[in-house]
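# Overview (structure and organization)
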Amino acid sequence: MDSAILGDTEARVLAWCEQAGLFAQGQRVAAAVSGGADSMALLRILLALAGRLGVEVSGCHVNHKLRGAAADADEAFVRAACARLGVPLTVCRAGEEGLPDASGGEAGARALRYACFARLHGAGIDRIATAHTVTDQAETLLFRLARGTGLHGAGGIRPARDFYVRPLLCLTRAEVEAYCRAAGQEWVTDETNLSDAYARNRLRHDALPALRQANAGAERNLARFCEKAARADAYFAWAAGALLAGAAESPGVWALEPLQKADPLVLEAAAHALVAPHRDPEERYIRLVCRMVRQGSGAVQLRPDVRLRAGQGRLRRETPPPEGDAPLEASSFRPEKRTEYPLGGGKILRARVEKGSFQEKTQVVHKKDLKNVADYARITMLHPALTLRSRLPGDTYRPAGRGVTKPLRKWMNEQAIPPAERDRLPLLADGSEVVWVCGAGFAEGLAPDGETGLALRLEIEAREGEERGR
């Protein structure tokens, strides 16, 4: 046992953990242990530093059951190693105890691991420590650059994300193996890591050795670049958040003008923020979103049920309508006899006929709400048989203040109303003549004139504590 190597390596990891703020006193930490050199070094180092870090250490092993007897042998190796070290171990096996299998190649195996880790976290483990190294960081950067990435991807593997931490992100793979040899710690080798059938393995076997020949410090230099990229990305993410917040008109809707005026790098960061929740934010999607914003029109499909669409001065995120928000079933509109009409989705249309001076009734109402108020006498005279329904082919609408009658379909196009919402939009119609549209208000010529009489007021309200709106 080489105590000098052990002490130096452990001191470097301790400094890194403190610098990155990976742990807090009293936390329960599970080391992800595959049996390879990286994970065995992780477990031994965390055990050695547990007292100084103030943490309680255990192990977790995931048997993907993809390599038959070899996978079972790795599990047995980890069980024996943890028993010798006196480390509590949790073993998760694919397809058992409600866990998914690992079908689907690397993506399926990754999904299984994260399902296991999430279960551990839910059971009281504060941090899951994984054995990523400087070498993994360099490989990740090269892989992402080759595939196409932006600043966020160039930031590589972060020291901490959610409840995951990477205590060995200050050591190269060679240093990790040297630590294991110094500690007399054996490890196992996954034979799939030796095959050039995987792109990452080809980078590991060919590209990195070539870079080391050019510069012995290549791995650390690449990792240092990742740290700088991550810091820059954090700044641009902050700026992008401010940009999107300032441009937001409603949930999922942003004004295009401030986005178009933004610094290109901040716009790229904003595009990343819009794409990332729905798919892997590859560089080509970022470019497509930025180009669409600059053009002011177009659409980018992020996944089958989500797309971003630009038009009529707005950027919208479009998703399928919530379950139960089907087109309205047509019903007779008689506000003098019935004041509430269900709209679906937990919403109701409330109709009130108010007596007295309209000016007195509305003097405290915000101006934007006046579009939902009409002269009741004029409504009943001109449109005695109104129907509450969704749109139908041939509908027309005369927007207030426009002085022109338009096909409702054309008006919806001009307003950039998402297609998924058009068939669910409540409206009042007299035959094919639409006199009120939810969100747009009453048609031309129906507004109260201020004379004493009756006013019809429409309001959309949410049931069961949902947010009220008009």
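Reading the values: rules and limits
Residues numbered from 1 in each chain as written. Predicted model: local features only at pLDDT ≥ 70, side-chain atom pairs only at ≥ 80, totals over all residues. Heavy atoms only, no water. Helix = DSSP H or I, 4+ residues; strand = E, 2+ residues; numbered from the N terminus. Rg over C-alpha atoms; globule rule 2.2 N^0.38 Å. Buried < 20%, exposed > 50% of the residue type's maximum accessible area, 1.4 Å probe, protein only. Contact = heavy atoms within 4.5 Å. Lys, Arg positive; Asp, Glu negative; His and termini not counted. Charge placed at Lys NZ, Arg CZ, Asp CG, Glu CD. Salt bridge = Lys/Arg side-chain N within 4 Å of Asp/Glu carboxyl O. Pairing = 2+ DSSP bridges. Right-handed = clockwise from strand over helix to strand, strands pointing away. Phe/Tyr/Trp six-rings, centres within 6.5 Å; stacked < 30°, edge-to-face > 60°. Expected span 1.5 Å × (residues − 1). Arc of directions from axis to C-beta. Polar contact = N/O pair within 3.5 Å; in protein donor to acceptor, adjacent residues only side chain to side chain. Axes fitted to C-alpha atoms, helices over the stretch in contact; angles between N-to-C directions. Core = buried A, V, L, I, M, F, W, Y, C linked by side-chain atoms within 4.5 Å.

We now examine the overall build of the protein. Of the regular secondary structure elements, the protein holds 16 helices and 22 strands. Computed over the C-alpha atoms, the radius of gyration of the protein is 31 Å, more than 25% above the 23 Å expected from 2.2 N^0.38 for a compact globule of 470 residues. Judged by the C-alpha coordinates and their principal axes, the protein covers about 100 × 45 × 40 Å. Looking at the protein residue by residue over its 470 residues, the buried ones come to 44%. Relative to all contacts within the protein whose residues are 6 or more apart in sequence, the contacts with residues 24 or more apart total 67%. Across the protein, the mean location of the 65 positive side-chain charges is 4 Å away from that of the 59 negative side-chain charges.

This brings us to the pattern of salt bridges. Pairing is possible between side chains of opposite charge, provided their charged atoms come close. As enumerated under the stated definition, the model contains 33 salt bridges in all. Salt-bridge contacts for Arg457 lead to Glu354; the nearest nitrogen and oxygen are separated by 3.2 Å. Here Glu354 lies in strand S14 (residues 347-354) and Arg457 lies in strand S22 (residues 455-462), a separation of 103 residues in the sequence. Each member of the pair Arg457 and Glu354 is classed as buried. One network of salt bridges, with partners in common, ties together Lys65, Asp72, Glu75, Arg79, Arg93 and Glu96.

Where strand S2 (residues 56-63) meets strand S3 (residues 89-93), five bridges bridge the pair, whose relative direction is parallel. Among the inter-strand pairings, Cys60 is bridged to a residue of S3, identified as Thr90. Each parallel crossover has a hand, and for S2 linked through helix H3 (residues 69-85) to S3 it is right-handed.

Okay, the packing of aromatic side chains next. Counted under the stated rule, the structure contains eight aromatic pairs. For the ring pair Tyr235 and Trp238, a centre distance of 6.0 Å and an interplane angle of 35 degrees mean the geometry is tilted. Note that Tyr235 and Trp238 are positioned in helix H9 (residues 218-247) at a spacing of three residues, about one turn of the helix. Trp238 sits in the exposed class, given a relative accessible area of 59%. Chaining the aromatic ring pairs together yields one cluster made of Tyr114, Phe117, Phe163 and Tyr164.

Buried residues dominate S2, accounting for seven of its eight residues. Crossover handedness for the path strand S1 (residues 28-32) to helix H2 (residues 37-53) to S2: right-handed.

Okay, helix H1 (residues 3-20) next. Given a rise of 1.5 Å per residue, 18 residues ought to cover 26 Å, and the 26 Å separating the end C-alpha atoms of H1 matches this to within 8%. All of the buried residues along H1 are Leu6, Thr9, Glu10, Val13, Leu14, Trp16 and Cys17. Buried residues of H1, viewed axially, fall in a sector of 165 degrees; they line one side. When the buried face of H1 is taken as reference, the exposed residues oriented beyond 90 degrees from it are Ala4, Glu18 and Gln19. Buried residues in H1 make contact with H2 and helix H7 (173-183). Once H1 ends, the next one or two residues include Gly21, with phi positive near 60 degrees.

It is worth spelling out helix H11 (residues 264-275) at this point. With 12 residues, H11 extends 16 Å from end C-alpha to end C-alpha; this agrees with the ideal 16 Å at 1.5 Å per step. Along H11, the residues that are buried comprise Val266, Leu267, Ala269, Ala270, Ala271, His272, Leu274 and Val275. Measuring from the backbone nitrogen of Leu265 back to the side-chain oxygen at the start of H11 gives 2.8 Å, which picks out Asp263 as the cap.

The antiparallel open sheet is built from five strands, whose spatial order is S7-S8-S11-S10-S9. The outermost strands of the open sheet, each flanked by one partner alone, are strand S7 (248-250) and strand S9 (298-303). Adjacent strand axes in the sheet meet at a mean angle of 20 degrees, parallel and antiparallel pairs treated alike. Where S7 and strand S8 (residues 253-255) come together, two bridges link them in antiparallel fashion. Residue pairing across strands places Ser250 opposite Val253, the latter belonging to S8. The sheet contacts of H9 involve S7 and S8, and relative to S7 the element is tilted by about 45 degrees.

What follows concerns the side chain of Arg309. In this fold, Arg309 is placed in strand S10 (residues 306-311). Residue classification places Arg309 among the buried residues on the basis of a relative accessible area of 15%. Within polar-contact distance, the side chain of Arg309 engages the side chain of Glu318 at 2.3 Å. The residues contacting Arg309, other than those within four sequence positions of it, are Met292, Gly298, Ala299, Arg314, Leu315, Arg316, Glu318, Ala416, Ile417, Pro418 and Pro419.

What follows covers the nonpolar core. With 40 residues, the main nonpolar core has Val13, Phe23, Leu46, Leu53 and Leu168 as its most contacted residues. For this core, the elements supplying multiple residues, two or more each, are H1, S1, H2, H3 and H7. Ranked by residues supplied to this core, first place goes to H2 with 10 residues. Apart from the residues within four sequence positions on either side, Leu46 is in contact with Phe23, Val29, Ala31, Leu53, Val57, Ala129 and Pro167. Within the second largest apolar cluster, 31 residues are counted, among which are Leu388, Leu427, Trp436 and Phe442.

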